[in-house]
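Chain by chain, the residues:
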Amino acid sequence: MPAAPISPPPRLLMGAGPVNADPRVLRAMSAQLVGQYDPWMLATMDETRALYREVFRTTNAATLLVDGTSRAGIEAALVSLLEPGDRVLVPILGRFGHLLREIAERCGAEVHVVETPWGTVFDEEELVDAARRIRPKVLATVQGDTSTSMCQPLSSLGPTCRELGVLTYVDVTASLAGNEFAMDGWELDVATAGLQKCLGGPSGSAPITLSDAAVAVVEGRRHVEAGLREAGDVDRGTRIGSNYLDLAMILDYWGPRRLNHHTEATTMLYGARECARLLVEEGMPEAVERHRLHGSAMTAGVQALGLAVFGDERHKMHNVVAVEIPDGVDGDAGRTAMLEDFGIEIGTSFGPLHGKVWRIGTMGWNARHDAVLTTLAALEQVLRAAGTSPTPGSGVAAAREVYAT
């Protein structure tokens, strides 16, 4: 029997990502393909670069997309910056710091880590002291780690690292557009993101931006594929360990030479462009404030339902709240009830927090009143069915109070 056309069930995705894509992004992605060297396509790539400079708040010429999920951007950054034996410092505040460590180890780097308990962040001076002590080539960290809902302060790290000759790489997949981030203002060197969180799109494209100093490191390892070589192309340094994620090649593809590397993921480019266009149209400060408002409403609502917020609330991300699952409540059963009875997805966490917290997101297209209030109303009923006794309507009422102020 032939397979039926794709027909996903209706879901309100209120976990830590992915979230529901903005309908305007989906409409953009339904547009017809053009050739990868069509003049219109090249102009669209240039437009996309310009839009993401505004999203990252940077003037970096090397601002572009890596075709793949957010992890492709992370790997492209690290495999292109790090050579075997290079020293790298990875501060770990949750699951995704462990991911950076693993990728750096796979690059053959000498990895040094500093750790803080899940639910806390580092004082920036701690990181500066570690950088002075270890003198790494790269300090690689996560700004917003959704596994714990914490947002690592970074605003003063860059200048000291530059004085020390340390490149800074930041994974902003979960934080960009929902929390304050200023690439140039904070003097950072490399940042990578994804579409499926606060940018309001589907997973599959990884925006990236690199400072001139980072580009110089990448260009110092530039090798042109044999089938594309022209007179004057000279190999430099140690060849980057991945062909597909070789940022030197990808920069040539997006740059003036348009040197063929891969076939651009046209539909994802359309979606990524629309994500950035909508954010720039809204204004980046306004987008951050929108996420702060709806995140605050959700946090007030879950607290009114009797749920304790996990971690240091002073450093909580705007767009995700982790709540402790009450004693006697089966966390997985609660998530299943939210999904099956109400069509709403909320998340669990990883490692030491698995089964101990729920993660509830308010990000991208879902950072809006109706999504917050509907989720709180459903969660109240699930908690009641699980044996707790929240005050009727308390979650929605608390959120509405936030909106009224």
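Colleague: Outline the sheet that holds strand β5 (residues 138-142), listing residues and values.
Modeller: One key point about sheets: their strands pair by backbone hydrogen bonds, in either a parallel or an antiparallel sense. Spatial ordering of the open sheet is given by β2-β10-β9-β8-β5-β3-β4, a layout of seven strands whose pairing is mixed. Where the open sheet ends on each side, the last strands, each with one partner, are β2 (62-67) and β4 (110-115). Taken pair by pair, the neighbouring strands of this sheet meet at an average axis angle of 20°, ignoring direction. Across the sheet, helix α4 (residues 95-106) lies against β3 (87-92), β4, β5 and β8 (167-171), angled at about 165° from β3, the strand it touches most.

Colleague: A description of the pattern of salt bridges should follow, citing residues and the corresponding values.
Modeller: Applying the stated criterion to the full structure yields 24 salt bridges. Of the charged contacts, one joins E180 and R57 as a salt bridge, the two residues approaching to 2.5 Å between their closest N and O atoms. Of this pair, E180 sits in the loop between β8 and β9 (190-192) while R57 sits in the loop between α2 (39-56) and β2, and the two are 123 residues apart along the sequence. By relative accessible area, E180 is classed as partly exposed at 40%. Taking the relative accessible area as the measure of exposure, R57 reaches 38% and is therefore partly exposed. The closest approach of N and O atoms between D189 and R162, which form a salt bridge, is 3.4 Å. With D189 in the loop between β8 and β9 and R162 in helix α6 (residues 157-164), this residue pair connects regions lying 27 residues apart in the sequence. Classification of D189 by relative accessible area gives buried; the value is 2%.

Cut-offs used in this document
- Note that residues are indexed from 1 along each chain, following the sequence as it is written.
- Local features in this predicted model are restricted to residues of pLDDT 70 or higher, and side-chain atom pairs are both shown and tallied only at a pLDDT of 80 or more, whereas totals for entire chains, interfaces and linings draw on every residue.
- Think of the side-chain values as coming from all heavy atoms in the structure, minus any hydrogens and water.
- Here, strands pair whenever DSSP counts at least two bridges between them.
- Helix and strand assignments come from DSSP, with helices taken as H or I runs of at least 4 residues and strands as E runs of at least 2, each series counted from the N terminus.
- Lines fitted to C-alpha atoms define the axes here, with helix axes fitted over just the stretch in contact, and angles between the N-to-C directions of these axes take values from 0 to 180 degrees.
- Whether two residues touch is decided by their heavy atoms; if any such pair falls within 4.5 Å, the residues are in contact.
- Salt bridge, as used here, is a side-chain nitrogen of Lys or Arg placed within 4 Å of a carboxyl oxygen of Asp or Glu.
- Only protein chains enter the accessibility calculation, which uses a 1.4 Å probe; a residue whose area is less than 20% of its type maximum is buried, one above 50% is exposed, and one in between is partly exposed.

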